Amino acid sequence: ISVGMDLSLHGFNHTYGLPEHADTLVLKDTSVTEAYRLYNLDVFGYDINSRLGLYGSVPFLLAHKLERTAGVFWLNASETLVDVKYNPEPNEEEPPGKKSKISPQTDVRWISESGTIDCFILLGPTAAQVFSQYAQLTGYQALPPLFSLGYHQCRWNYEDEADVKAVDAGFDLHGIPYDVIWLDIEHTNGKRYFTWDSELFPNPGELQHHLQKKNRKLVVISDPHIKIDPDWPLYCEAKEGGHFVKNREGAVYEGTCWPGESCYLDFSSSKTRSWYARQFSLSKYEGSTESLFVWNDMNEPSVFNGPEQTMPKDAVHHGGWEHRELHNLYGFYQHMATFEGLLTRSGGTERPFILSRSFFAGSQRLGAIWTGDNVATWEYLKISIPMLLSLSLTGIPFCGADVGGFVQDPDPELLVRWYQAGALQPFFRGHSAKMTKRREPWLFGDDVTSAIRSAVQDRYRLLPYWYTLFHQAHTSALPPIRPLWVEFPNDTSMFAVENQYMIGGALLVCPVTDPEVTEVKVLLPGSDVLWYDTNMAAVHKGARTLDLPVTLNTVPVFQRGGTVVPRRAGCGSSTADLQQHPFTLTVALDSKGNADGLLYLDDGHSFSYRDQMQFCLRRFTMRAGRLVNR
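Residues numbered from 1 in each chain as written. Predicted model: local features only at pLDDT ≥ 70, side-chain atom pairs only at ≥ 80, totals over all residues. Heavy atoms only, no water.

You'll find the chain entered in an unreviewed UniProt entry as Glucosidase alpha, neutral C, with Sinocyclocheilus grahami given as the organism. One UniProt comment on the chain, placed under Sequence similarities (unreviewed entry), says "Belongs to the glycosyl hydrolase 31 family." (UniProt positions renumbered as here; feature names shortened; annotations may be inferred.)

Structure below.
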């Protein structure tokens, strides 16, 4: 039985949220077009400007107007349609302070296929308070290990151990830091997860030890489908333990995915999650060592059975629940089981790192999210910014898009611009499909290599600031990247800006997302704010649009007056090398000569910050020409 609810948000005519859609940051009026659809699907090369469901869903909407932000959280995991109707339509040209004769209003209609009405209204009144109120319901962002904020190198698939070592050596040869190299499905024995191909990867333990000596990590993939193979002990154990989803007749449900005929683990069962978690023990993950981390390539749930590649809605989960009730939670539960497995694997001492592209409200407690199978075009680079901002607004701030595009081949300029953009986003990973040309950063000539090296090194030097922002996300739910209106809530010209955003409260960035440009327009907010160009060492007053010249080696970044940004003076070859370099503080004074900033430090990998209170939190204050930390 479907359920629904209509809400009228009086005085609001800007709404945001409802990821995941490849659409604008501000939600569009759907009165004459398709509704926003929340239904997790594997959508290869998804359409730009589509409101149809993608890999994950968060039924959370934010509304904003002058001096107030509010939130609506519709807690339902079945297929959901959301209609948004603005009355009247927002007028971005209307002068600030001028009141329309008709009071603005946004009508929102939620319709879910099944379940119960469970709706939370978050009253704010500030954006920061809405973020906190939502986190109190669904959880705060897990504090990620420091290495996971560095650069990740991935491909479907690196061919064998020699290929992995050659790519690893290439980063050292060209002076480009990185922290993690990834293996896709081809590393397994016939797509049997928790195994290794003995010909391509005969000594995975030695491979990981080789990376460990350089303080780098290996990530391998784990999918929710299990190959039907009576000679495979893991399949037999799962079947005998009753860990598979069943069909409506009560037999084990069978579908088709990468291994061929497969069964699907029922992660909604705590018993199954516990069993799955145990598979990450050393005895089960052949040849692996403590450096192993995991990504869950959950295709919701990776069933190739029609235009919508997903499990039938009448499949039956633990407790008699039909899949239609739990569809958008399937990947969330595998994410949870994997988190528990890696936590157990380390004896509860190490913060797990898991990446997933299937998510729901609360996934922020478990790891990182990426936006799925994008395409190597300028349009996909451009759309990644509002997609990631929408995720950040709805409580999933550790997010990123595949740098360079997963499919098709980027030209050198696009690749450079994507690296520059990715270096300014929370999760930073280059990834490509096996049918694409190889695109390691040094394969396109010295100019491209130099530009990419510069972007990655800048990211590493800025990691103290990023890590501090994730500490704030972990403790107060403030997202590391924010639309301009979050920092400037009373400036109506900021409400619809989606090509620029703030990293924390200090840095304004405007990634270049168009080809062959030599100049970009940058909107500098705040009539009383000073903005310092980090490339040109120039200062500009706010409340203006700046025509800024750019080259292939530059991307517009401005530091807000009144802030202190911590960096490292150098970067080395991975995050482990950062401690060899001293901190630098960039102090940008406001019009009164003042500035404030924050620096958070801990060991970067364990739970000692939580269990033994082993961390350092420094506050920097500049007053009357004197810098003080406490």
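1. Describing empty space enclosed by the protein
The tally for this structure, following the rule as stated, stands at two cavities of 30 Å³ or more. In this model, the largest cavity occupies a volume close to 100 Å³. What lines the largest cavity is a set of 15 residues, and nearest its centre among them are Phe131, Ala135, Gly395, Pro397 and Ala477. For the lining of the largest cavity, the secondary-structure elements that each account for two or more residues are α1 (127-138) and α8 (378-393). (1 Å grid on protein atoms, 1.4 Å probe; cavity = no way out; pocket = protein on both sides within 12 Å on 5 of 7 lines; lining within 4 Å. Points joined across faces, edges and corners; volume = space filled by probe spheres on them. Helix = DSSP H or I, 4+ residues; strand = E, 2+ residues; numbered from the N terminus.)

2. Thoughts on the UniProt feature "domain: Glycosyl hydrolase family 31 C-terminal" (unreviewed entry) in the chain
When the UniProt feature table is mapped onto this chain numbering, "domain: Glycosyl hydrolase family 31 C-terminal" (unreviewed entry) sits at residues 478-565. Between the C-alpha atoms that bound residues 478-565 the distance is 17 Å, and the span itself is 5% helix and 39% strand.

3. A few points about the nonpolar core
Counting 178 residues, the largest nonpolar core has Trp110, Trp182, Phe353 and Ile503 as the members making the most contacts within it. The residue makeup of this core includes at least three contributed by each of domain 1 (3-138) and domain 2 (223-365). For Trp182, the contacting residues outside a window of four places in its chain are His152, Gln153, Cys154, Arg155, Tyr158, Val219, Trp295, Phe353, Leu355, Phe427 and Arg429. Of all hydrophobic cores here, the second largest spans five residues; its members include Val564, Ala595, Phe620 and Met622. (Core = buried A, V, L, I, M, F, W, Y, C linked by side-chain atoms within 4.5 Å. Buried < 20%, exposed > 50% of the residue type's maximum accessible area, 1.4 Å probe, protein only. Domains from an automatic or database assignment. Contact = heavy atoms within 4.5 Å.)

4. Thoughts on the sheet that holds strand β28 (residues 563-568)
Overall, mixed pairing links the five strands, which are arranged β29-β28-β30-β31-β32 in an open sheet. Both edges of this open sheet fall to β29 (583-588) and β32 (626-629), since each of them pairs with a single strand only. When strand polarity is set aside, the average angle formed by the axes of neighbouring strands in this sheet is 25°. Across four bridges, the pairing between strand β31 (residues 616-623) and β32 is antiparallel. In the strand pairing of β32, Phe620 is matched with Asn629. Together, β28, β29, β30 (595-601) and β31 form the strand contacts of helix α11 (residues 463-476), whose direction differs from that of β30 by roughly 85°. (Pairing = 2+ DSSP bridges. Axes fitted to C-alpha atoms, helices over the stretch in contact; angles between N-to-C directions.)

5. A short note on the packing of aromatic side chains
Scanning the model with the defined rule gives 36 aromatic pairs in all. An angle of 45° between the planes, with centres 5.9 Å apart, marks the rings of Tyr253 and Tyr264 as tilted. Here Tyr253 is found in the loop between α4 (233-240) and β13 (254-257), whereas its partner Tyr264 is found in strand β14 (residues 260-264), with eleven residues between them in sequence. Of the two residues examined, Tyr253 and Tyr264, each falls in the buried class. Taken together, the aromatic side chains of Phe147, Trp182, Phe353, Phe398, Phe427 and Phe470 make up a single cluster linked through ring pairs. The positively charged end of Arg429 is found above the aromatic ring belonging to Trp370, 4.9 Å away from the centroid. When the ring centre of Trp466 is taken as origin, the NZ or CZ atom of Arg459, which lies over that ring, is 4.6 Å away. (Phe/Tyr/Trp six-rings, centres within 6.5 Å; stacked < 30°, edge-to-face > 60°. Lys NZ or Arg CZ within 6 Å of the ring centre and 35° of its normal.)

6. Examining helix α7 (residues 330-345)
With 16 residues, α7 should cover 22 Å at 1.5 Å per step; its first-to-last C-alpha distance of 23 Å lies within 8% of that length. Most of α7 is tucked away: twelve of the 16 residues are buried. Taken as a whole, α7 has its buried residues at Tyr330, Gly331, Phe332, Gln334, His335, Met336, Ala337, Thr338, Phe339, Gly341, Leu342 and Arg345. Gly347 sits one or two positions beyond α7 and adopts a positive phi of about 70°. (Expected span 1.5 Å × (residues − 1).)

7. Some points on the domain arrangement of the chain
Domain assignment breaks the chain into domain 1 (3-138) and domain 2 (223-365). The interface of domain 1 with domain 2 comprises 23 residues on the first partner and 20 residues on the second. Carbon and sulfur atoms supply 48% of the area buried between domain 1 and domain 2, which totals about 2,000 Å² over both sides. Summed over the three residues of domain 1 that lose the most area to domain 2, namely Asn40, Asp42 and Ala77, the buried surface amounts to 30% of that side. Summed over the shared surface of domain 1 and domain 2, the result is four salt bridges. Between Glu113 and Arg324 there is a salt bridge, and its shortest N-O distance comes to 2.6 Å. At the surface where domain 1 touches domain 2, the tally comes to twelve residue pairs in polar contact (both at pLDDT 80 or more). Of all the secondary-structure elements, those providing two or more residues to the side of domain 1 that touches domain 2 are β3 (36-38) and α1. When its residues are assigned to classes, the side of domain 1 that touches domain 2 shows ten nonpolar, eight polar and five charged. (Buried area = accessible area lost by both parts, 1.4 Å probe. Salt bridge = Lys/Arg side-chain N within 4 Å of Asp/Glu carboxyl O. Polar contact = N/O pair within 3.5 Å; in protein donor to acceptor, adjacent residues only side chain to side chain. Nonpolar A, V, L, I, M, F, W, Y, C, P; charged D, E, K, R; others polar.)

8. Considerations on the packing of helix α5 (residues 270-278) against α7
At a minimum axis separation of 8 Å, α5 and α7 run at an interaxial angle of 45°. Judged on the interaxial angle alone, α7 and α5 are oblique. Seen along the crossing, α5 lies across α7 with a hand that is right-handed. Residue-level contacts link Arg273, Tyr276 and Ala277 of α5 to Tyr333, Gln334, Met336, Ala337, Thr338, Glu340 and Gly341 of α7. Residue classes in the contact of α5 with α7 are distributed as five nonpolar, three polar and two charged. (Parallel < 35°, antiparallel > 145°, perpendicular 65-115°, else oblique. Left-handed = near helix turned anticlockwise from the far one by under 90°.)

9. A look at the pairing of strand β24 (residues 530-533)
Of the pairings in the sheet, the one linking β24 to strand β25 (residues 539-541) comprises three bridges and is antiparallel in character. Note on β25: the bridge partner recorded for Trp531 is His540. Here β24 folds back onto β25 in antiparallel fashion, the turn holding five residues, of which Ala537 has a positive phi close to 55°.

10. Notes on the sheet that holds strand β1 (residues 3-10)
Taking strand neighbours across the sheet as the criterion, the four strands line up as β1-β7-β6-β3 in an open arrangement whose pairing is antiparallel. The sheet is open, and its two edges are formed by β1 and β3, each paired on a single side. Put simply, the sheet's adjacent strands are angled 15° from each other on average, direction ignored. Pairing geometry for β1 and strand β7 (residues 105-112), over eight bridges, is antiparallel. Residue pairing in the sheet places Leu9 in a bridge with Thr106 of β7.

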